[in-house]
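Spelled out from the first residue to the last, the chains are:
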Amino acid sequence: MKKLFIAIYILAGTILLASSCKKFTEITPKGSNILSRVTDLDLLLNFNYTSNSATGDTLFAKTTAQGAFSAYDVGNLVNDTYAYSTNIPSLISTKQQSLNYAYTVYDEAVDRKNLAVTDIKYEKLYFLINNVYNVVIKNADQAAGDRTIAKRLKAEALILRAYMHYLLVNFYAKAYNPTTAHTDGGIPYVREDNVTTQANLKVSVAEVYANILSDIDAGLQLGSLPAVPQNNMRVGQGFAFGIKALVLMTLRRYPEALAEANKSLAINSFISNDRLFAPVGAVPFGKPQSTAQENLFYMAQGGNPLISTPSLETTESVYEPGNIINSYVKPYYPSGNPFSGIPTSKLWLSSANPYAVNTAGLTTSDTYLIKAECLARSGDLMGSLDIINQIRQNRIHPSVYAPVTAANEAEAMALLMRTERIEFLYTMKNYLNLKRWTTDPVYKPTIIRTVNGVSYSLKPESSLWIFPFPQSATNYNTNLSQNY
Amino acid sequence: MRLTTVLLLASLLQVSAAGYAQLITLERHNVPLESILREIRAQSGYDFYYNGKTVSPELKASISARNAELGTALEQALKTLDLEFAIEGKTIVIRKAKARYPVVAVTGTVSGSDGKPIAGVTVSVKGTTRKTFTDKAGRFSISAERPDDVLIFTGVATETLEIGISGRTDISVVLVQKNNLLKEVTISTGFQNIGREKMTGATVTLSSAELEKRYTPNILNNLEGKIPGLVNFRGTTTIRGTSTINASKSPLIVLDGLPIEGSIADINPYEVDQITVLKDAAAAAIYGARAANGVIVINTKKATAKGTSVAFSSDITVNDKPDLDYNLLTPSQQVDAESQVLDYVFAESGGLYPTRAAAVTATASSISNGNSISPAYYAYYQFAKGDISQAQLSQRLADFRLGNFRQEYKDNVLRNEVLQQYNLAVRSNGEKFQSSLVLNYKNSNSGIINASNRQLNIFYKGSYDVSSWLGVNFGINSILGRQKSSNSAFAANANNVPSYQQLIGTDGSPVYYTTAEYNLYNTNTSSQPVTSLLFNHIEELGKDIKIGNQQNTRYYVNMEATVLPGLKLTPQFQYEDNTFSTSAYSEADSYVMRYLKSIYTTLLPANGGKLATSTSHGDYWTARGQAEYKRDFAKHSIDLIAGTEFRQTRNRGNSGLLLGYDDQLQSHSTASVSFPALNAFRNTTAFKPGFNTSTLYGRYLANAIGVFPETTHRFNSNYANATYTYDRRFNVFGSYRVDYADVFGLDERFRGKPLWSTGVSWNLSRESFLSSYQWIDMLKLRATYGITGNIVQGVSSILTANSTLFNPVSNLPMSVITNAANPELRWEKTATVNLGTDFSFLSGRLNGSFDWYRKTSTDLLVTQRLDPSEGYTSQIINNGGVLNNGLELMLQYTIFKPAKTNGLSWATGMVISSNKNRITYIDEVAPTPLALTQGGYRTGFPVNSLFSYQYKGLSPIGQPLWQKADGTLSSIALTPNDLSAIVYSGSTDPRVNVSLSNDIHYKGFSLYILAVYYGGQKLRALIPDIVSGIPYGPFPAYIANSWTPASPGTIIPGTGKYSPGTYPGTQAPPNGQLTYSDAFVRPGDFIKIRSATLGYRLPGRTVSKLGVKGIDLRLQLNNPKAIWMKNNVNVDPETGGARIPTSYVFGLNVNL
C-alpha cells in the first residue's frame, strides 16, 4: 500500500511538473532591457552622439557615435581641411589609390567603391534609425507608463529619424534637383516595420524627401515636443522647426523655410560671442559639449577638432581679417605643422579646454543662416545682411569689425557663403550646403585647392560629391546600386 | 500451458538461488508432487522443467511451508524423494538425485595477490546449488559431499578459480585480480547503468584502479592518453574535435548522475570511482542540447566492503622553478645591445638626433617628463653631458654586467611550487545504511613568496535502504578555498626591468629602481611625484595582496523505488551554491597607490590605500523524475527509461571599491572622492606632463565598481530511451529528447526541437559460427547515428537593450540595443555517425576498440553580415557548419602474464586518435587581411586555423617585405584587395594524438610510464618585435641575430639604428604583419614522457605488523624534457615558450 502511494505520488509530481514545461522556460532576463516601459524608451533616446575613448569593435565603443560625425572626409572634400594627419605632398606624389587621395586631388578615376570597404557614417546613421528611433516609434504606443511622455518620445524619434535620413541622402545620393529628383537614386528609407531578413529597397531622392517631411510633420502633429529639450542631446520644437526649415530650403521652398526658421529662432536665438575669449576678452577659449547655448541638437565627434589642419585657402583667404579665433586665440601648434607637409599650414592643437564643435547637429547659426539665405533669395537683402553682420560682429575683433553691404542678391549670397564657411569650419555643414548649391542654377560652387603651386578643382557636376555606398552594404544588398 | 513445455534456458544464464524475494506458503500432505509444483509455480512465478519419467503423476509428496524461501520449500517437498532441483534463470529443473555422501564442512580464507582478504567472493560447489560468500576477513565455510568435489571461487574483481577439495577440509586460496577490460563492465551514463554488452554507443570507462596509476590534482588531466578522442591541449578539453564556433566547446561534466556547474578541477581525485566518456550521439544524445561536445560522467566511490574502512592518501608535488631566461639576452649581452643603440642615440653626427647636444636635450626632457630611462641610458646621458668620464662610463657598464635580475628574482622571489594534497576517507557499510565521509585538503605555495592556495573539500554521503524496494541516497559536498596572490601588475613579473638590474644589494638590503612608468633620475622639482615611486619587487609583493575565497556547496538527494517488478522510479534533486569573493587591498605605500596619488594628487584621499572587492554567486538546481523499466523475457530483454528534468542556473554578483582604506584603522574616505572629477581629469600637468590617464581611471577606479548582471537560465528536458536485446547477441537502441530553454521565445517551429539517436550492436562472439575460434573472447560491432545540440549563451530571440550605460555628455543613464531580435533562433545541431568495434582476444591478452566517426554540425550560430541599413552590420544566426572526421584506436596487450602472484607482469597500451576538422560553411566575416590573420574563419579550413601574411624577408636595406595578391612585394599594410595573398599555415589543434603506456609489476614494485605524441598542430612563436630604442625591460634573444648591413642574411628585422623606420630609406612595418607572418608559424609536433610512476606496495606481513591493511608508496616524475620536438627553435608547443617545469610527486596510501 505504502509502495503504491509513493509510486502514485512520484508519478503525479512528475506529470504535474511536465505539464508546465513551456511556462517554466518563459522568463524575462535580468540585466537586459526588453523595452516594455516608457522609461526604457526614454533611456534609449539618451544615446551618446559623440565618441568615447574606446576604439574598435567593442560594445563600449559601439554605444557611442564613434567616428561617424567627424568631418574629416567631407572637410577634405570641400577643402575646409586637408586629409587628417596625412602628409599631403607625399600623398599626391605617390598617387596612393586611397579615398584621401581621391578627395585631395579630386580624381574621379579612383575606384572609390572598391576602397570604401566600410563607412562608419552609413553604419551609425542606420543603427540609430533602426535601433533607437524605430524601436521607440514601434513601442511607444504599447509601452507602459505616462502617455504624455510616450507621445513626446515618439515625436522626438520621428523628428530624428527624418534628420538622419536627411544626412544619409545627402551623403550617398545626388544633391536635390527638382527636375531629376523623381528618377535620381536615393537611399533606403527605413521605418519601424523593417524586416531584417529582407534586403532594403533604395527609393528615389524625391521619395526620400517626401518621407522626411512626412516624418517631421507627424512628429510635430503629436504636439508633445517641449520648446526646449532637457539637454542638447535630445530634441525639442527648436530643432524640429529648424530641420523642417533646412529640408524645405533644400527643396527650394524658401518662403515656407523662412517661416519655419523664424519659429525656431523664436525659441532659441542665442549667438555665441567669440569676443569674450582671451586675449580679446577675459573668458578662457572653449565651448562645453553639454551646455553650449546655441545648440539645438548636439551631434559631433566630440571635443576639439584636434590635429585637424585647415587648408591654406581657409586660413589665408576665407577667414576674415580680425577673426578672433584665427588671429587672436590661434589654437594652433606653435612650431608649424608636423603632419601636413605643407609649409605655413596650421595644425589645431589647443587642448586646454574642450572647444566642442557641433559637427553634425544643429545650432542657431544654422537657423540664422537658413533665414538669411531665404531672405536673400526673396529679395530682402537688408534682412539677410543684418543676420550676416550679427554673426560677424560676434566673430571679429571690435577694432577691425565693419558691417558688410551688398548691392544685389548675388553679392549678398557671396557674403553669406563666406560667413558660413567660417561659421561651419570643421563641421559637415559646409559640405551639405556646398553640395546643395551644386544643383543651383546660379550659385554652383567650384572648389579650388592649390598644393605646392598645383591647382585641383572640384566641379559642381563631379561624382565625388556623392559618397560610395560601402562594400559592407552593397555586398549584402543587391538593391544598393551606386548613385554616381 | 503444460509445465513440461517450458524451454530450458542456456546454462550460462544460471543465477544465484540465494535470496528469492518470493516466499512460499503451502500446506499439503501426501498429494501428487505435480500439484505441489503447480502451486509453487503460481506463487513464485518460476517455471519447472522435468521429464515425465522423473516426476510421474503418481509420485506423492508433502509440504508444510509458511513464508518459506523458494529453495527451502522445494527442499521440503523433495526431501522424501530421490530428486533434487536446480534453479537456472527463471526455471527450476527437477532431476534425479545423485548418490549421496556424508557431508563434510570445508572452511578456509580467500585473499588477493596483495595478501589482503577479499570479502564477498562467491564460493560454490561445482555441479550443485550450494554456495556461500566470504566474510570481511575472507573466511568461508561450505559443506561438500565428495572428496573429488570442486570449489569455484567467483569474485567481482578477481579471476574465477576452480580448485579440487582432494579430501581437505581447510582450503585457503589466493585470487588473481581480473584484467579490468575483461570484466563485465557496467556503464553509467548518468541516467542509467547499462551492461557494456548492451551498449551500442561509443564509450570509454575508466575504473579507479586505472586512474590511480598516476596522480594528477585535476582528474581531467588524468584522462590524457587514456580516452581515444579526448584531447586536453593547451588548457582546452575537446572530445572528437571542435564542433562549434561560438558555442561552448567543452564537454558536459556529470557528477553522480547530474550535471554540475562547479569546476571539474574541484572534484576530489581520490574519490573518483569510475569515469565514463560518452562520445557518439547514441551514448550522449540523452543529454540532448548539451551533448554535442561529448559528456564526461564521473561517479564517486561508495562503501563496498561490509563494516568500516579507513583510507588515507597523500601526494606531495614539487615543481621545478620556471625558466625565466627563455628567449632573452643575458644581462651582459643586454648591456652590449643597449650600448650599441646608445652609441647611435648619442652620436655626434649621423645618430638619432642631429647632434649629441640635441640628444642630451631630448633625454633631459624625457627624464623630466617622467619617461622610463634604463640605467645604461642614463650613464650614456651623463657621459654625453660631460658629467662622467669615458672611464667612469666603462666602469658603470662593467658594474651593470654583474647584475642579474632574473637570477636574483628566481632565487629570492620564486619558490619551488609545492602542492600538498591529503585525503582521508572513512566509509561504513551496515546492513541498511552506508555512509562515507571524505576529507580532502590541498595546499600550494603558488611558487612565489607571499602567496598560497588552499582548499578543503568535505564530502559526506549516505545511502539508506528503507526497504527491499526503496533506497534513498543523499550527500553534501562542501569546498572551501582560499587563494592569496599578489594584486600588483608589476611585482609578480620578473620581466619588466632591465635584465642587469639588481634586486638585492650585496648587503642583503633591497635595491630600489622604477617600473617602466617612471625613472630614477628626475630632479625637476615641478614634475616630481607626490610620493617616491621607487620600486622593489620583493617589498611590493607584501603590500598589494589579493585574497580569493571560494565556497562551493552541493546537496543532492535521490530515491530509488522499485514499485513493480522491473519498474524503478528515481526522483532526483540537486542544488549547488557557489560563491567566490575577492578582496584586494593595496596598502597606502603600495606602488600602485603611490603612482595613482602622484597622478591624481588631491583628487584621491591623502591617506590610506584602496580595497577592491568582488563577489560572484551562482545557484543552480536540477530536478529530475525518471522511470526505468528492465525486463527479460526468455531471449528478449528490454531496458527503458523516460523522464523529465528541470534545471535553473543563476549567476550574479557585484564589485566595489573603497578609497582611502586603512585595514588597521578600518576606515575609508570614499565619500570624499568625486568620481566625475577623476573621470574628467584626462591629462596630467605636473607629474608626467601630458600623460593621458583615461586607461588608469577605468582600470583602477571605475571598472572596480560594478554589477555582474544577473543571468538566469531555465531548461526543461523530456527524454526517453530504449534498449532491446535479443538473445544477448543483438542490441537495438533509440533515444529521444526535447529541450526547452528560456533563450528561445518566439517561433513555435523552433521551440523544443527534438534531438534523437539510434544505434545497433552485434555481439559477434556469441554467434555459434565463431565459437570454434577459441582465441576470440569477445567481438562486438556497433553502428549509431544521432543528433545532439549545443547553444550559445547570451544569444536571445528577443530584442534587448543594455541599460547599464551612461551618457557622459548629458550625464544621464542610457540604453543601447545590443541584441537584435532573432525569432528563428534554434539549437546548434550535430549529427554523428559512428561505426565501431570492441574486441578481446587470446584470453584477454589483447583487447581494444576501434571507432570511426563523422560529426556534421549545422545550424551553428555564427555571424552573418548584413547591409548596415538593417540596423546592424552583422547578426548572429544559425548559419554555419563544421565537419569533424576521425578514427580512434585503443589497444591493450599483456606482454607478460604473471604465472603466480607477485610474478612479473607487463601490460602495454596504446591509444591513437586522429581528427580532421573543417568549416563547411561560414559567411566570410574577415574583411581585411589583418582581421583574417587575427582569428578569422574561412570555409574549407579548420575552426582553429592560423592564417598568415607571406613574409618575404628583408630588402637589401633591411625593410620587411610581404607578398601582395599580385605577387609583388610590399612594405606597407596589405589592403582588402590583398586578401588572397593571405595563406593558411595550419591549425592549432593536434590532428593526431598517440599515447603509449607501460605498466610493469614485479613483487611489490610497479612502474607505470605514459608517453604522448601530439602531431599536426602549429603555433606562432618567437615573433620578433621592432626594437628601435631602449625599451625598459629585458631584451629578446633574437636581436642577436637581427639584420645589419654587415649581416644581411636573416629575416629578423634590424634593431636600434638598423630598425625599419629608423634606418635611412626604411619605414616601420605595418601593425600586426610581423606577428601574423607565416615565417613565425612553427610546427607543434612533439613526443613527451608525461609521467613515470614508480610504486611500491609493502608486503602483507610487514603491513600486518603495523596493524594496517595496506601501504602503498609512490614516486612520480612529470614532464621531463621532451623526447622530441619538431620545431628547431626550442619552443615547447604546449606553452608557446619555455617548457613546462618538471615536477615530482611523492605519494603515500594507507588502508586501515
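Everything quoted here is computed from the prediction, not taken from an experiment.

Caption draft 1: Here's a closer look at the overall build of chain B. Each helix and strand in chain B was counted, giving 15 helices and 55 strands. The C-alpha extent of chain B, read off along each of the three principal axes, is 130 × 70 × 65 Å. A sequence separation of at least 24 residues applies to 69% of the contacts in chain B between residues at least 6 apart. A total of about 48,600 Å² of accessible surface is found on chain B, and carbon and sulfur atoms cover 55% of it.

Caption draft 2: Layout of the nonpolar core. In terms of nonpolar packing, the biggest core is built from 141 residues, with Tyr49, Tyr133, Met164, Phe239 and Met299 of chain A touching the most fellow members. For this core, the element with the highest residue contribution is helix 10 (residues 147-172) of chain A, accounting for 16 residues. With sequence-adjacent residues up to four places away left out, Met164 of chain A is seen in contact with Tyr49, Leu125, Leu128, Ile129, Tyr133, Phe297 and Met299 of chain A. Grouped together as the second largest cluster of nonpolar side chains are 46 residues, Val341, Leu342, Phe400 and Tyr951 of chain B included.

Caption draft 3: Here's a closer look at the interface of chain B and chain A. Of the residues lining the interface, 57 residues belong to chain B; the matching set on chain A comes to 57 residues. Interface area, chain B with chain A, both sides summed: about 5,000 Å², of which 66% is carbon and sulfur. Seen at the junction of chain B and chain A, the total is 13 residue pairs in polar contact (both at pLDDT 80 or more). Among the elements of the structure, strand 27 (544-564), strand 28 (567-586), strand 29 (609-633), strand 30 (636-661), strand 31 (706-726), strand 32 (730-741), strand 35 (800-807) and strand 36 (812-819) of chain B are those that each provide at least two residues to the side of chain B that touches chain A. In terms of residue count, the dominant contributor to the side of chain B that touches chain A is strand 36 of chain B (7 residues). Among the residues forming the side of chain B that touches chain A, the class breakdown is 28 nonpolar, 18 polar and 11 charged.

Caption draft 4: Quick look at the confidence of the model for chain B. All names here are of chain B. When the pLDDT values of chain B are averaged, the result is 87; 95% of them are 70 or greater. The weakest mean pLDDT in chain B belongs to strand 4 (residues 83-88) at 78; the strongest belongs to strand 43 (residues 945-948) at 96. Note on residues 1-20: pLDDT is under 50 here. Beyond four places in sequence and across chains, it has 26 contacts. Among the scores for the predicted complex, ipTM is 0.90 and pTM is 0.77.

Caption draft 5: Quick peek at a nonpolar patch on the surface. Residues and elements named next belong to chain B. Among the surface-exposed residues, Phe1005, Leu1094, Leu1115, Tyr1144 and Phe1146 lie close enough to one another that they form a single nonpolar patch of about 450 Å² accessible area. Tracing the sequence through the fold places Phe1146 in strand 55 (residues 1143-1151). Classification of Phe1146 by relative accessible area gives partly exposed; the value is 43%.

Caption draft 6: The arrangement of the packing of aromatic side chains in detail. Going through the model one piece at a time under the given rule, you end up with 67 aromatic pairs over all chains. Measuring from centroid to centroid gives 6.3 Å for Phe127 of chain A and Tyr872 of chain B, while their planes differ by 85°, and the two rings are edge-to-face. Taken together, the residues Phe127 of chain A in helix 9 (residues 120-139) and Tyr872 of chain B in the loop between strand 39 (861-865) and strand 40 (874-878) connect one chain to another. There is no split in this pair, since Phe127 of chain A and Tyr872 of chain B are both buried. Through successive ring pairs, a cluster of aromatic residues spans Phe47, Tyr49, Phe127, Tyr163, Tyr166, Tyr176, Tyr209, Phe239 and Phe297 of chain A together with Tyr872 of chain B. Geometry around Tyr401 of chain A places Arg275 of chain A over its ring, the cationic atom sitting 5.6 Å from the centre. A cation over a ring is seen here: Lys429 of chain A above Phe424 of chain A, with NZ or CZ 5.4 Å from the ring centre.

Conventions used here
Residues numbered from 1 in each chain as written. Chains lettered and ligands numbered in written order. Predicted model: local features only at pLDDT ≥ 70, side-chain atom pairs only at ≥ 80, totals over all residues. Heavy atoms only, no water. Helix = DSSP H or I, 4+ residues; strand = E, 2+ residues; numbered from the N terminus. Contact = heavy atoms within 4.5 Å. Areas by Shrake-Rupley, 256 points an atom, 1.4 Å probe, with all protein chains shown as cover. Core = buried A, V, L, I, M, F, W, Y, C linked by side-chain atoms within 4.5 Å. Buried < 20%, exposed > 50% of the residue type's maximum accessible area, 1.4 Å probe, protein only. Buried area = accessible area lost by both parts, 1.4 Å probe. Polar contact = N/O pair within 3.5 Å; in protein donor to acceptor, adjacent residues only side chain to side chain. Nonpolar A, V, L, I, M, F, W, Y, C, P; charged D, E, K, R; others polar. pLDDT = per-residue confidence, 0-100. Patch = residues over 30% accessible without salt bridge, like charges linked within 9 Å, V, L, I, M, F, W, Y side chains within 5 Å. Salt bridge = Lys/Arg side-chain N within 4 Å of Asp/Glu carboxyl O. Phe/Tyr/Trp six-rings, centres within 6.5 Å; stacked < 30°, edge-to-face > 60°. Lys NZ or Arg CZ within 6 Å of the ring centre and 35° of its normal.

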